[in-house]
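So you can see what is in the structure, the chains are spelled out below.
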Amino acid sequence: MRAAKFSLIVALALSCSPVSAVFADLRYETKIIGIGASDLADLVAEVSQLKALEDRLPISEEALRRRAEDDLDRLKDAAASLGYWSAQFAYEIDTGADPAKVTVTAKPGPLYHVASVEVLGVDSRPLSVPLDSVTLPLKPGDPARTAPVIDTETALLAGLGHTGHPFAKAAERRVVVDNDTQTMTVAYTLDPGPAMRFGSAAISGLDRLDPAYVERRIRWRQGASYDNRSVDETRKALVESGLFSTVRITPVADPADPTQARMNVEAVERAHRTIGVGLAYNTSEGAGARLFWENRNLFGNAEYLRLSLAAGQQKNEVAANFRRADFLDSEQDFLALAEIADDTPTAYHSRRVHISTGLERRFDRSLIGGIALGVEKANVVQLAILSSLTASQRTQHYALIGLPLYLKLDNSDDLLDPTRGYRAQVSLVPYQSFSGQNLTFAFGRISASTYQRLDDNDRYIVAASAAVSSIGGASLAELPADKRIYAGGGGSIRAYGYQLAGPLDINNKPIGGKSSLELSLEARIKITDSIGIVPFVDAGSFYGSSLPQLGKRLLYGPGIGFRYYTSFGPIRVDIATPFIRRRGDSPIQFYISLGQAF
């Protein structure tokens, strides 16, 4: 009984004790004052753990104060990195408010500047480094920031590597900040090492691939002065082939000839076979799926074969694509295509067989061109009703020979998610029938897109695209429905359904045209590293004449996109609505796919 009484007294005492409040999580808000909108304000807010951990509540006021104390040195280092070397930070905590208020007061002080930049050799004498007219990131008079100090050392070493010094290295970097003069002096001591020429190349790591494939992608010439840029171009060419999991290129001093650097090229092959599946959906075309198998080294010389099977609500297709690299020349590939398809979009029903072969040539890193010879045979039923055609005339059987020609210019930085640069393409395909209805016509298209970053972190991108298509040589009624020009859908004017951004018949079926105009403008905004939004507007139409009739009404509509950024590219979800809504138009168009719209 006495033990029970004692336990009760202890429980009551603990329940009344303020100790329990000590371990209650403490909600708080952080405010940083003393600096207006600037790079410094952005960086301080980014590195502050007080702000970053606001949702991880401290268990007490003492824990909150420890967090604030830890922040002071972090904020001071951040300010110094931008040139504010005498910046001071202090904090106050008001626990009387709910949530508690943490006020960080910043006194950034003056912005320091670079007084001098000195480059010395290991003998302490001035060292001249050729930089091919490239301005160093750090020069006298610049703000005394820390990042350009590192970048300049990297640029100096690269300059030596470009001019014959494969073993150049940094010996010392001396940075002195003078608080009295509010300046920073920087002195680099570099060891350039011996000047050398490219020696022989030793290739290792290959399994099934012929070493000659690697040799043909070597961008340097044996005996020429060593240049890191040639090494980087070789490495990039090998990586972009998709055949290797690892590519390492290392210069090694050649004991037999001290003036040459032997080049060790280690290229480890990745698995050459892949099986994959893809899914897509949009409101106008419905759901679709694709299964594929590919081999990127079919016979040991980087021959590429892809077999695919597509099934969907509007398209079923079996296709084979073959590419033979280095055909007759290291910058030229042989291409072949065979496909059987059954298409049932809104405009027509087409059953066709298509076979083509051709050549593709790389003129430089950004420009490629191609020519092919193709044969197509199809049965097409036009679903739109034209007063000039009877029901039987809407069914067409054609057999065509085509000669596709194209030039592609790509100066963008990424295939699926470009953030800067531009792209352009010109295509021309003359057609001539060889049986059935006599047809002679030519299809042409010019398209371009540009990408502009608004900041250094790729958070804000403005992207724009435009395309004009045209057909000449046959009347609209003579053209098979699947050879006419259409607009609308996920890769075109997204506010309108697939093929629907143009003239419709009385049943809201697209008639198709002989020309089109398509325009798009997007603002790609990253909210976090993995999530973004994309407000956009698209405009355009297709026309019955061979040139777009600009005096006629454009169809256009706004939309909003959502992006989830992955390691292999952004997953795209777009929702758009037509500004000019006709009787057959859906109020909302919805698209899901991989990669940006353009």
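Just above sits the structure.
Residues numbered from 1 in each chain as written. Predicted model: local features only at pLDDT ≥ 70, side-chain atom pairs only at ≥ 80, totals over all residues. Heavy atoms only, no water.

### What about helix α5 (residues 61–81)?
- Here α5 is 21 residues long and its end C-alpha atoms lie 31 Å apart, about the 30 Å a rise of 1.5 Å per residue gives.
- Among all positions of α5, only Ala63, Leu64, Arg67, Ala68, Asp71, Leu72, Leu75, Ala78, Ala79 and Ala80 are buried.
- Each element contacted by the buried residues of α5 is listed here: β1 (28–33), α3 (39–47), α4 (49–52), β2 (88–94) and β3 (100–107). (Helix = DSSP H or I, 4+ residues; strand = E, 2+ residues; numbered from the N terminus. Expected span 1.5 Å × (residues − 1). Buried < 20%, exposed > 50% of the residue type's maximum accessible area, 1.4 Å probe, protein only. Contact = heavy atoms within 4.5 Å.)

### Some details on the nonpolar core
- One finds Phe441 and Tyr496 to be the most contacted residues of the largest nonpolar core, which totals 26 residues.
- Among the secondary structure elements, those contributing two or more residues to this core are β16 (367–382), β17 (395–402), β19 (421–436) and β23 (531–543).
- Ignoring any residue separated from it by four or fewer positions in sequence, one finds Phe441 in contact with Leu400, Val429, Pro430, Tyr431, Ile471, Gly472, Gly473, Ala474, Leu479 and Lys483.
- By size, the runner-up hydrophobic cluster in this structure holds 22 residues, among which are Tyr28, Leu75, Ala87 and Ala100. (Core = buried A, V, L, I, M, F, W, Y, C linked by side-chain atoms within 4.5 Å.)

### Examining the sheet that holds strand β7 (residues 197–204)
- Spatially, the three strands line up as an open sheet ordered β7-β9-β8, and their pairing is mixed. Looking along the sheet, the strands with just one partner apiece sit at the ends: β7 and β8 (244–253). Between one strand axis and the next, the sheet turns through 20° on average, direction left out of account.
- In this fold helix α8 (residues 228–240) packs onto β7, β8 and β9 (260–269), with an angle of close to 160° to the strand it touches most, β8. (Pairing = 2+ DSSP bridges. Axes fitted to C-alpha atoms, helices over the stretch in contact; angles between N-to-C directions.)

### Description of the side chain of Ser366
- Its place among the elements puts Ser366 in the loop between β15 (348–362) and β16.
- Among residues more than four places away in sequence, those in contact with Ser366 are Lys408, Leu409, Asp410 and Asn411.

### Topic: a negative patch on the surface
- A contiguous patch of negative charge on the surface is contributed by Glu69, Asp70, Asp73 and Asp77.
- Along the chain, Asp73 falls in helix α5. (Patch = residues over 30% accessible without salt bridge, like charges linked within 9 Å, V, L, I, M, F, W, Y side chains within 5 Å. Areas by Shrake-Rupley, 256 points an atom, 1.4 Å probe, with all protein chains shown as cover. Salt bridge = Lys/Arg side-chain N within 4 Å of Asp/Glu carboxyl O. Lys, Arg positive; Asp, Glu negative; His and termini not counted. Charge placed at Lys NZ, Arg CZ, Asp CG, Glu CD.)

### Side note on the layout of surface pockets
- By volume, the second largest pocket is sized at about 470 Å³.
- As for the second largest pocket, its lining consists of 13 residues, and the residues nearest its centre are Asp39, Asp42, Glu46, Asp455 and Asn457.
- Counting residues per element, the lining of the second largest pocket draws most heavily on α3, at four residues.
- Each residue belonging to the lining of the second largest pocket can be placed in one class, and the counts come to four nonpolar, one polar and eight charged. (1 Å grid on protein atoms, 1.4 Å probe; cavity = no way out; pocket = protein on both sides within 12 Å on 5 of 7 lines; lining within 4 Å. Points joined across faces, edges and corners; volume = space filled by probe spheres on them. Nonpolar A, V, L, I, M, F, W, Y, C, P; charged D, E, K, R; others polar.)

### A closer look at the sheet that holds β3
- Read from one edge of the open sheet, three strands run β1-β3-β2, paired in mixed fashion. Whereas interior strands pair on both sides, the edge strands pair on one side only; in this sheet they are β1 and β2. Ignoring which end each strand starts from, the neighbouring axes of this sheet average 15° apart.
- Both β2 and β3 contribute to a ladder of seven bridges, which runs antiparallel. In the sheet register, Tyr91 faces β3, and the bridge partner there is Val104.
- Its contacts with the sheet put α5 on β1, β2 and β3, and the angle it makes with β2 is roughly 155°.

### Describing the pairing of strand β26 (residues 589–594)
- Two strands pair when backbone bridges link them, and strand β10 (residues 273–282) and β26 are joined in this way by two bridges, in the antiparallel orientation. The residue bridging Tyr281 from the neighbouring strand is Ile592, located in β26.
- As paired elements, strand β25 (residues 569–576) and β26 share six bridges and run antiparallel to each other. When the bridges of β26 are listed, Ile575 appears paired with Phe590.

### Some points on the pattern of salt bridges
- Applying the stated criterion to the full structure yields 40 salt bridges.
- As a salt-bridge pair, Glu29 and Lys101 come within 3.0 Å of each other at their nearest N and O atoms. Of this pair, Glu29 sits in strand β1 while Lys101 sits in strand β3, and the two are 72 residues apart along the sequence.
- Residue Glu29 is classed as partly exposed on the basis of its relative accessible area, which comes to 41%.
- When its relative accessible area of 35% is taken as the criterion, Lys101 is described as partly exposed.
- A salt bridge links Glu294 to Arg296; its shortest N-O distance comes to 2.8 Å.
- On the basis of relative accessible area, Glu294 is assigned to the buried category, the value being 10%.
- Assessed through its relative accessible area of 9%, Arg296 is described here as buried.
- Sharing partners across several salt bridges, the network here consists of Arg494, Glu522, Arg524, Asp538, Arg563, Arg572 and Asp574.

This is a description of form; function is not addressed.
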